[in-house]
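Report on the structure
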Amino acid sequence: MLFNRFSKEPILPVKTLTGHRDEVLSLAFSQKGDSMVSSGKDGRAVVWNLSNYRKRFIIGIRNQSVWAATFFPNAPYIGTGSSDGTIKLWNSQRGRFVDSFTKAGEIPYSMVLASSGEKIFLGCEGKVIAFNTSTFSEDGEMPGHEGQVLCMAIDPFDGKLAT
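This section reports on the structure supplied with the text. (Residues numbered from 1 in each chain as written. Predicted model: local features only at pLDDT ≥ 70, side-chain atom pairs only at ≥ 80, totals over all residues. Heavy atoms only, no water.)

Let's talk about the packing of aromatic side chains
Where we set the bar: Pairing of aromatic side chains requires ring centres within 6.5 Å, counting the rings of Phe and Tyr and the six-membered ring of Trp. Pairs whose planes differ by under 30 degrees are stacked, by over 60 edge-to-face, and all others tilted. Per-residue accessibility, obtained with a 1.4 Å probe over protein chains only, is compared with the maximum for each type, and a residue is labelled buried under 20%, exposed over 50%, and partly exposed between these values.
All told, the structure shown has five aromatic pairs when counted by the stated rule. Between Phe72 and Tyr77, the ring centres sit 5.8 Å apart and the planes meet at 85 degrees, which makes this aromatic pair edge-to-face. Ring centres 5.6 Å apart and planes at 75 degrees place the aromatic pair Trp90 and Phe97 in the edge-to-face group. On the accessibility criterion, Trp90 (8% relative accessible area) is buried.

Have a look at this one:
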């Protein structure tokens, strides 16, 4: 459901978007705010046009829950992370597959990109792993988390990563 954060009480939904067959696991807005991507246990990432609240396209990932999805801030890509540990890049205009990489033995439960688009952070079991987005090489790990890192955010003002 989409809500207008500036409405007066009671806050009522602006629109209910229907497109998944199972639980939705993540949501992300594009930098321009004209699109949104949702991902879910049904193995799909749905890209929504927010001017008319319709599906732009569906990215299907066979037999895998899509735990995380996000837009790249400075490139025409959507990143998805699925339960097989694969991070895939898709063209954000048409949904075509571009590239993929994996971190052996890790499931990306959450995903966030630095505002520069140079780093992608994956929330995994007990840690966050940072990757360089131009080479997809690992830049380091941030251990010390208990359980799955299901949610992350980056402060747009000073770049702090919250998990």
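Considering the environment of Asp34
To be explicit about the condition: Each helix is a run of H or I in the DSSP string that is no shorter than four residues. Each strand is a run of E no shorter than two, and both are numbered from the N terminus. Whether two residues are in contact is decided by their heavy atoms, any of which lying within 4.5 Å being enough.
As for its position among the elements, Asp34 is in the loop between strand S3 (24–29) and strand S4 (35–40). Its relative accessible area of 41% is what places Asp34 among the partly exposed residues. Taking C-alpha positions, Asp34 is 8.5 Å from Trp48, a pair spaced 14 residues apart along the chain. Those residues in contact with Asp34, other than ones at most four positions away along the chain, are Trp48, Asn49, Leu50 and Ser51.

Considering the environment of Lys160
This is how the line gets drawn: Polar contacts here mean pairs of N or O atoms no more than 3.5 Å apart (in protein, one a potential hydrogen donor and the other a potential acceptor; neighbouring residues in sequence count only if both atoms are side-chain atoms).
Among the secondary structure elements, Lys160 is positioned in the loop between strand S15 (153–154) and strand S16 (161–162). Here Lys160 falls in the exposed class, since its relative accessible area comes to 56%. Sequence-wise, Lys160 and Ala114 are 46 residues apart; in three dimensions their C-alpha atoms are separated by 9.4 Å. When residues no more than four places from it in sequence are discounted, the contact partners of Lys160 are Ala153, Ile154 and Asp155. Here the side chain of Lys160 touches Asp158 through a polar contact of 2.8 Å, side chain to side chain.

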